[in-house]
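Tertiary structure, described
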Amino acid sequence: MSKYWRYPATVLGCLRNGEITVILCAGIGLADGGKRAQLPIHIIPLDLRMPNSKFDVLLERASGSFVKVLRKDEIYLNCD
């Protein structure tokens, strides 16, 4: 079992200094409207920081922290 969860995200905008607000899991199951979350700006590549950009984020199960941003077509191989 992987120690990460992978969630789809859409950029809402940069509403706070050093953080980018995203909507997680919009349109998926019970979270139809999605959940708003703040990601540290340094983990998001420059070309994915624009509003409405779509990518996936990895959430570490144990700590509950966001650890990596993945492009939609990028495969993450957990080698732990």
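The structure presented is a predicted model; accordingly, all values stated were derived computationally and were not measured. (Residues numbered from 1 in each chain as written. Predicted model: local features only at pLDDT ≥ 70, side-chain atom pairs only at ≥ 80, totals over all residues. Heavy atoms only, no water.)

The next subject is the overall build of the protein chain. Of the regular secondary structure elements, the protein chain holds zero helices and five strands. Ordered by position from N to C terminus, the α and β elements of the protein chain give β-β-β-β-β. For the protein chain, with 80 residues in total, the buried portion stands at 30%. As displayed, the protein chain offers around 5400 Å² of accessible surface, 55% of which is attributable to carbon and sulfur atoms. (Helix = DSSP H or I, 4+ residues; strand = E, 2+ residues; numbered from the N terminus. Buried < 20%, exposed > 50% of the residue type's maximum accessible area, 1.4 Å probe, protein only. Areas by Shrake-Rupley, 256 points an atom, 1.4 Å probe, with all protein chains shown as cover.)

The strand order across the open sheet formed by five strands is 3-2-1-4-5, and the pairing between neighbours is antiparallel. Two strands lie at the open edges of the sheet, namely strand 3 (35-40) and strand 5 (66-70), each paired on one side alone. This sheet shows a mean twist of 45° between the axes of neighbouring strands, independent of strand direction. (Pairing = 2+ DSSP bridges. Axes fitted to C-alpha atoms, helices over the stretch in contact; angles between N-to-C directions.)

We now examine unusual backbone geometry. Positive phi is not limited to glycine here, since Asn52 has a value of about 75°. Following the sequence through the fold, Asn52 ends up in the loop between strand 3 and strand 4 (54-60).

A word on the nonpolar core. Within the largest apolar cluster, 14 residues are counted, with the highest numbers of intra-cluster contacts made by Val22, Leu24, Ile44, Phe55, Val57 and Val69. When contributions to this core are tallied by element, the ones reaching two or more residues are strand 1 (4-16), strand 2 (19-24), strand 3 and strand 4. Sorting elements by how many residues they give to this core places strand 2 first, with three residues. Val22 has contacts with Ala9, Thr10, Val11, Leu12, Lys35, Arg36, Ala37, Leu39 and Phe55, leaving out every residue within four places of it along the chain. (Core = buried A, V, L, I, M, F, W, Y, C linked by side-chain atoms within 4.5 Å. Contact = heavy atoms within 4.5 Å.)

Attention now goes to the pattern of salt bridges. In this structure the tally under the stated criterion is five salt bridges. Ionic pairing is found between Glu19 and Arg16, a salt bridge with its closest N-O pair at 3.7 Å. Given the relative accessible area of 26%, Glu19 is considered partly exposed. Each of Arg6, Asp56 and Lys72 takes part in a single network of salt bridges with overlapping partners. (Salt bridge = Lys/Arg side-chain N within 4 Å of Asp/Glu carboxyl O.)

Along the chain, the position of Glu60 falls in strand 4. Of the polar contacts made by the side chain of Glu60, one reaches the side chain of Ser63; its length is 2.9 Å. (Polar contact = N/O pair within 3.5 Å; in protein donor to acceptor, adjacent residues only side chain to side chain.)

In this section: the pairing of strand 4. Within strand 4, six of the seven residues are buried, which leaves it mostly tucked inside the rest of the structure. Relative to strand 4, strand 1 runs antiparallel, the two sharing seven bridges. Within strand 4, the residue paired with Tyr4 across the bridge is Glu60. The pairing of strand 4 with strand 5 spans four bridges and is antiparallel. Within strand 5, the position partnered with Asp56 by the bridge is Leu70. Following strand 4, the chain reverses through five residues before pairing antiparallel with strand 5; Gly64 in that reversal takes a positive phi of roughly 75°.

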